[in-house]
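So the chains spell out like this:
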Amino acid sequence: MMIETERLILHSLSFADLDNFAALYSDPEVNRYLSSKNGLTREQSGDRLKQFIIHQEAHGYGRFAVSLRDGTFVGNAGFLVWEETGETELGYLLKRSAWGKGYATEVATALIKWIFEATNLSHVIAFAEEENVASRKVLEKTGMTFTDIRLVKEIPFAFYALARDQALS
Ligand SMILES: CC(C)(COP(=O)(O)OP(=O)(O)OC[C@H]1O[C@@H](n2cnc3c(N)ncnc32)[C@H](O)[C@@H]1OP(=O)(O)O)[C@@H](O)C(=O)NCCC(=O)NCCS
């Protein structure tokens, strides 16, 4: 499965992405606002990759590898079912060298269009730590609506949602 944007290519994950995952999740700055906080070891990154591949097989959608058009890996992004509510959650993370170029906004916009075409989901959600300004800006720029602040594992998160009708209008 593949999604193309103006500057980026998203492709389904495979175990060939392990080195890229290990590098991405080893950077504490990238993990600062994620459950992986201080970063993951290579083994833990491999476990995460495996979880994403299993999710893709179980649900027909999941996280994608994000690359530049020349094939350079820059991160991963896509959708996971959030176990707490059963809703489908948009998420993304990029290598530090790829920040500040509008890539996350480009990827999130393409993913939102894609999920409502590829599935019959009524809505998707996303959440970012309340103080994760960059991520919240991405969500706002893609047209997601802020709903509320909720504590997840005692950390305040800003929640967003987007309904199918809203996304396709
Ligand atoms: C969040 C993340 C994906 C944003 O990626 P990005 O490609 O740099 O985002 P964009 O370039 O599309 O920028 C979106 C907006 O955020 C702003 N922004 C980016 N980094 C910022 C920062 N550190 N502080 C404040 N604003 C920031 C941009 O200026 C832009 O707003 P603008 O168009 O009004 O100028 C990236 O910072 C990242 O991978 N962070 C670590 C992982 C993470 O936190 N993921 C989200 C978990 S919820």
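Because the structure is predicted, anything quoted here is derived from the model rather than measured.

Cut-off values and rules
Residues numbered from 1 in each chain as written. Predicted model: local features only at pLDDT ≥ 70, side-chain atom pairs only at ≥ 80, totals over all residues. Heavy atoms only, no water. Near = heavy atom within 4 Å. Polar contact = N/O pair within 3.5 Å; in protein donor to acceptor, adjacent residues only side chain to side chain. Areas by Shrake-Rupley, 256 points an atom, 1.4 Å probe, with all protein chains shown as cover. Core = buried A, V, L, I, M, F, W, Y, C linked by side-chain atoms within 4.5 Å. Buried < 20%, exposed > 50% of the residue type's maximum accessible area, 1.4 Å probe, protein only. Helix = DSSP H or I, 4+ residues; strand = E, 2+ residues; numbered from the N terminus. Contact = heavy atoms within 4.5 Å. Axes fitted to C-alpha atoms, helices over the stretch in contact; angles between N-to-C directions. Parallel < 35°, antiparallel > 145°, perpendicular 65-115°, else oblique. Left-handed = near helix turned anticlockwise from the far one by under 90°. Nonpolar A, V, L, I, M, F, W, Y, C, P; charged D, E, K, R; others polar.

1. Some details on the site of the ligand
Leu-94, Gly-100, Gly-102, Thr-105 and Lys-141 are the nearest of the 21 residues found near the ligand. One of the backbone N or O atoms of Gly-100 is found 2.6 Å from an oxygen atom in the ligand. One of the side-chain nitrogen or oxygen atoms of Lys-137 is found 3.4 Å away from an oxygen atom of the ligand. The protein chains hide 73% of the 930 Å² of surface that the ligand would expose on its own.

2. Quick notes on the nonpolar core
If you look at the biggest cluster of nonpolar residues, it comprises 32 residues, and the most contacted ones within it are Phe-79, Leu-90, Leu-111 and Met-144. Looking at this core, the elements that each hand over two or more residues are β2 (8–12), β3 (63–68), β4 (73–82), β5 (87–94), α4 (103–118), β6 (123–129), α5 (133–141) and β8 (155–163). A per-element tally of this core places α4 first, with 10 residues. Non-local contacts of Phe-79, meaning those with residues more than four positions away in its chain, are made with His-55, Tyr-61, Gly-62, Arg-63, Thr-88, Glu-89, Leu-90, Leu-111, Ile-112, Trp-114, Ile-115 and Val-124. In terms of nonpolar packing, the next biggest core, distinct from the first, is built from 13 residues, Leu-13, Tyr-25, Val-30 and Leu-49 among them.

3. Some remarks on the packing of helix α1 (residues 18–25) against helix α3 (residues 42–59)
Interaxial distance between α1 and α3 falls to 8 Å at its minimum, and their mutual angle equals 120°. Comparing their axes, α3 and α1 come out oblique. For the pair α1 and α3, the sense of crossing is right-handed. Facing Leu-18, Asp-19, Phe-21, Ala-22 and Tyr-25 of α1, the residues of α3 in contact are Arg-42, Ser-45, Gly-46, Arg-48, Leu-49 and Phe-52. Its residues assigned to classes, the contact of α1 with α3 comprises six nonpolar, two polar and three charged.

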